[in-house]
Amino acid sequence: MKRVWLMLVMVLCMIMSVATPTVDRSKLSGYLVELLSCEGACDRMNASGSSRGSNRVMALVALNEDCDVEDVFERYGCVPEDKVGRVYIVWIPLNRLASMSLDDAVERIEAERMPRNAMDVSHGYVNSSDVYEGVNLPHAFRGEGVVSGIFDSFYDFTHPAFYDESGKLRVEYYYDFKCENENGTMGRAWDSPDEIEELEHSQNTYNQSHGTHVAGIMAGSAVNGKYMGMAPESDIYLVDFNSDRADFESSEHTSATAVLGFKRIFDRAASEGKPCVVNFSSCESVTIARQRILEGEALSELVGPGKIIVAAAGNMGHNASYMEKPADVYQAGVGIVNGVGGGAYIDVDIVTPGNQRVRFDFLGVRLTGSTIEGTLSFTTDSIDGLRGDTCVLHTTVSMGEVQLKVYKSSYSDSRGDVYHVDGLMPNMAYLMLCGATCLLTGDSPAWLYSDLFYSPFVNIDGVPEYSYASDGYSVSWPATLPFIVAVGATDYNSVFTNLDGEVNDDMLMFEADDRGEIAKFSSKGPTFDGLIKPDVVAPGMNIKAAYNSFSADYANEQKSLVDKVERAGKDYYYMAQSGTSMASPIVAGAVALWLQANPNLTPSDVLEVLSHCCTHPDADMTYPNSVYGHGQIDVYKGLLYVLGALNSVPSLYDYQPRKARFVVSDNELRVVLSEGCVVREEAMRVLIYDLNGVLVKQSCGSLIDISQLPEGVYVVQLDTGSVEATGSTLIRVD
């Protein structure tokens with residue numbers, strides 16, 4: 001009898017251990033699910049060649065309304081950083097994350113990987129380009145009184161691009177997440193140009209030049225009459241999000257860090273009473289299983305009147321990101337290759353309403369033929385039976401061990417259940433040298449999505465069942481959000497001559513079909529929730545801007561240097577780079593000019609301006625679309641729209657004259673023609689309107705007396721009989 005009771009007790013204990021959950025995955029984002037056992041975190045750190053780890057994670061937390069917030073955080077050893085709306089930005093010990101997810105007071109905990117710079121990452125073509133010298137902006141608007149926020153990394157504060165004509169540094173605020181504080185929080189602010197100038201550069205500036213280059217495009221000062229940024233008189237605020245390779249994989253730097261960085265810039269601008277546009281030329285792959293509920297909620301709280309975020313769409317447009325298997329197709333598959341994050345990791349999601357057999361084949365070295373060396377397979381029904389637990393599969397190939405982890409996601413999709421698969425390959429080079437395939441077999445439809453950063457899809461020539469890969473769905477977070485302006489890149493020049501007189505043609509592989517059309521790397525929509533993205537495009541190939549003089553990688557970057565200037569006895573350079581990283585600050589700088597015209601513009605206002613004021617690079621397409629969005633930004637026409645001049649001024653030209661410029665000085669307006677442009681003085685007809693459309697001055701000739709005009713902004717219409725010297729502009733009378 002005693003033996004029977006012992007057996008009953010053992011069975012009861014087993015039932016209780018199975019029935020009692022140790023974690024509530026439905027409350028956690030995908031990255032946190034992987035972090036719990038350190039499986040996903042360790043895999044990615046190994047895949048990236050980084051050994052850095054952490055015992056805590058920065059996450060976004062939503063709590064139920066009736067709970068004691070301080071008690072909850074104290075109970076789990078959390079350290080709060082800040083709050084956006086109802087969303088807390090909190091440090092959570094990793095060993096308390098699982099138990100915290102079970103607390104009834106906790107609604108959701110969320111963090112994903114920290115976004116990466118949206119340059120083209122591969123070394124063979126990371127740096128390229130010709131000059132981007134700004135557009136012919138009307139001098140009435142140069143960003144004065146507006147904050148140009150740049151959330152990036154690798155800053156050189158001493159570059160001439162960031163000083164005004166008097167020699168004063170224009171960077172007025174700098175926040176660095178690399179500084180850890182005694183109370184467990186992270187980050188420190190410098191809030192005066194003198195303090196920032198003493199730093200000379202950000203702590204991680206030795207790696208590359210991304211943030212310096214981006215800031216120069218958005219807001220740099222003209223140096224020797226060249227390289228003027230889009231908003232050259234705006235105030236520059238910089239946040240450094242810590243972008244060493246190890247930091248991208250560390251749980252201390254997650255998407256929650258990104259939310260906090262945006263908040264730091266907007267809070268500072270609000271304290272100064274200034275409108276602000278923040279450029280974010282960094283991005284992270286979006287997958288079905290990785291819900292970003294709290295991230296979207298928090299960022300939507302941050303934007304509003306006079307608070308705009310502009311983000312790079314990403315550089316994955318040349319990669320296939322998804323596969324659809326129709327219901328009447330029994331088998332469909334794709335090849336899997338290495339992404340810019342390396343060739344050691346696979347990360348895919350499967351959506352299906354019925355059972356699918358999923359098979360991954362792992363191939364031998366391509367040079368010796370694509371022989372299948374290992375196979376891992378499962379059925380989605382078998383994963384359902386695990387009730388949320390992870391299935392770990394192993395196989396061995398000639399280069400080492402392959403491991404895949406599979407679990408059913410808590411994400412709800414109207415098309416069916418969602419299954420997440422991620423796994424570690426034998427080494428960094430595996431997918432590049434060998435590759436893999438994935439085949440879905442079943443009677444029901446299915447959809448397969450990849451994390452483009454790690455494992456994009458390809459079609460295998462001559463093998464129909466492995467030829468279902470398609471592009472699209474490649475726009476990256478946070479550009480996927482409806483209230484963030486997403487920017488793609490167009491191509492005008494794929495070749496440039498560097499400072500040494502050498503031709504650099506590294507970007508030819510991404511050359512557009514026709515000049516001014518979409519660059520092949522530019523990410524395309526739609527988003528998973530059906531939004532048309534990007535919203536707008538701008539030049540992103542061959543862009544010249546400031547180079548970080550403290551970079552330790554000069555030897556590799558020398559081929560991309562295009563000009564040199566001297567300041568305080570030191571040589572400074574300008575370099576050419578390509579990517580949506582370069583297109584995004586062009587749009588952000590344009591928005592800064594629009595905010596000067598109307599400081600209360602909202603994100604929806606900006607999108608409305610774009611819908612009315614973009615050019616259409618491909619006339620055969622309907623706009624908006626998931627390649628160009630509304631089209632290529634027209635800064636000047638956008639200004640006219642914001643000011644209301646397009647409707648108020650009769651027969652207004654919505655373009656500026658290509659071979660005439662306007663100079664305001666000493667109560668006079670002077671029309672200056674470009675060299676070689678000949679127009680008779682008596683043929684020049686100048687009409688000046690106020691913003692209500694009232695004609696306040698008209699004159700013939702190149703010199704107009706404006707001494708009687710009240711202070712304000714005016715529209716000048718120039719007719720000369722020459723197409724190149726006809727158009728309009730905006731002037732400011734002080």
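Residues numbered from 1 in each chain as written. Predicted model: local features only at pLDDT ≥ 70, side-chain atom pairs only at ≥ 80, totals over all residues. Heavy atoms only, no water.

Participant: Tell me about the confidence of the model for the protein, residues and numbers included.
Facilitator: In the predicted model, the protein carries a mean pLDDT of 86, and the fraction of residues at 70 or more is 88%. Per-residue pLDDT stays below 50 along residues 1–19; that stretch engages in zero contacts with residues further than four places along the chain or on separate chains. Scored below 50 in pLDDT, residues 119–135 makes 70 contacts in the model with residues more than four places away or belonging to other chains. (pLDDT = per-residue confidence, 0-100. Contact = heavy atoms within 4.5 Å.)

Participant: Which residues make up the sheet that holds strand E30 (residues 561–567), and what values do they have?
Facilitator: What holds strands together in a sheet is hydrogen bonding between their backbones, with the strands either parallel or antiparallel. In space, the three strands of this open sheet follow the order E29-E31-E30, with antiparallel pairing throughout. Looking at the sheet topology across the chains shown, the edges are occupied by strand E29 (543–546) and E30. Adjacent strand axes in the sheet meet at a mean angle of 25 degrees when their direction is disregarded. Bridge analysis of E29 against strand E31 (residues 570–577) gives four bridges, and the strand direction is antiparallel. Considered in E31, the bridge of Ile 543 is made with Gln 577. (Pairing = 2+ DSSP bridges. Helix = DSSP H or I, 4+ residues; strand = E, 2+ residues; numbered from the N terminus. Axes fitted to C-alpha atoms, helices over the stretch in contact; angles between N-to-C directions.)

Participant: Give me the lowdown on the sheet that holds strand E34 (residues 660–665), citing residues and values where you can.
Facilitator: Overall, antiparallel pairing links the three strands, which are arranged E34-E35-E38 in an open sheet. Only two strands of the sheet have a single partner each, and these edge strands are E34 and strand E38 (703–705). Put simply, the sheet's adjacent strands are angled 20 degrees from each other on average, direction ignored. Here E34 runs beside strand E35 (residues 668–673); their pairing, made up of six bridges, is antiparallel.

Participant: Which residues make up a negative patch on the surface, and what are the values?
Facilitator: A cluster of acidic side chains, namely Asp 191, Asp 194, Glu 195 and Glu 198, defines a negative patch on the protein surface. Among the residues examined, Asp 191 registers a relative accessible area of 41% and is labelled partly exposed. (Patch = residues over 30% accessible without salt bridge, like charges linked within 9 Å, V, L, I, M, F, W, Y side chains within 5 Å. Areas by Shrake-Rupley, 256 points an atom, 1.4 Å probe, with all protein chains shown as cover. Salt bridge = Lys/Arg side-chain N within 4 Å of Asp/Glu carboxyl O. Lys, Arg positive; Asp, Glu negative; His and termini not counted. Charge placed at Lys NZ, Arg CZ, Asp CG, Glu CD. Buried < 20%, exposed > 50% of the residue type's maximum accessible area, 1.4 Å probe, protein only.)

Participant: An account of the environment of Ile 293 is requested, with residue identities and associated values reported.
Facilitator: Tracing the backbone shows Ile 293 in helix H10 (residues 293–302). Placed 182 residues apart in sequence, Ile 293 and Ala 111 show a C-alpha to C-alpha distance of 10.0 Å.

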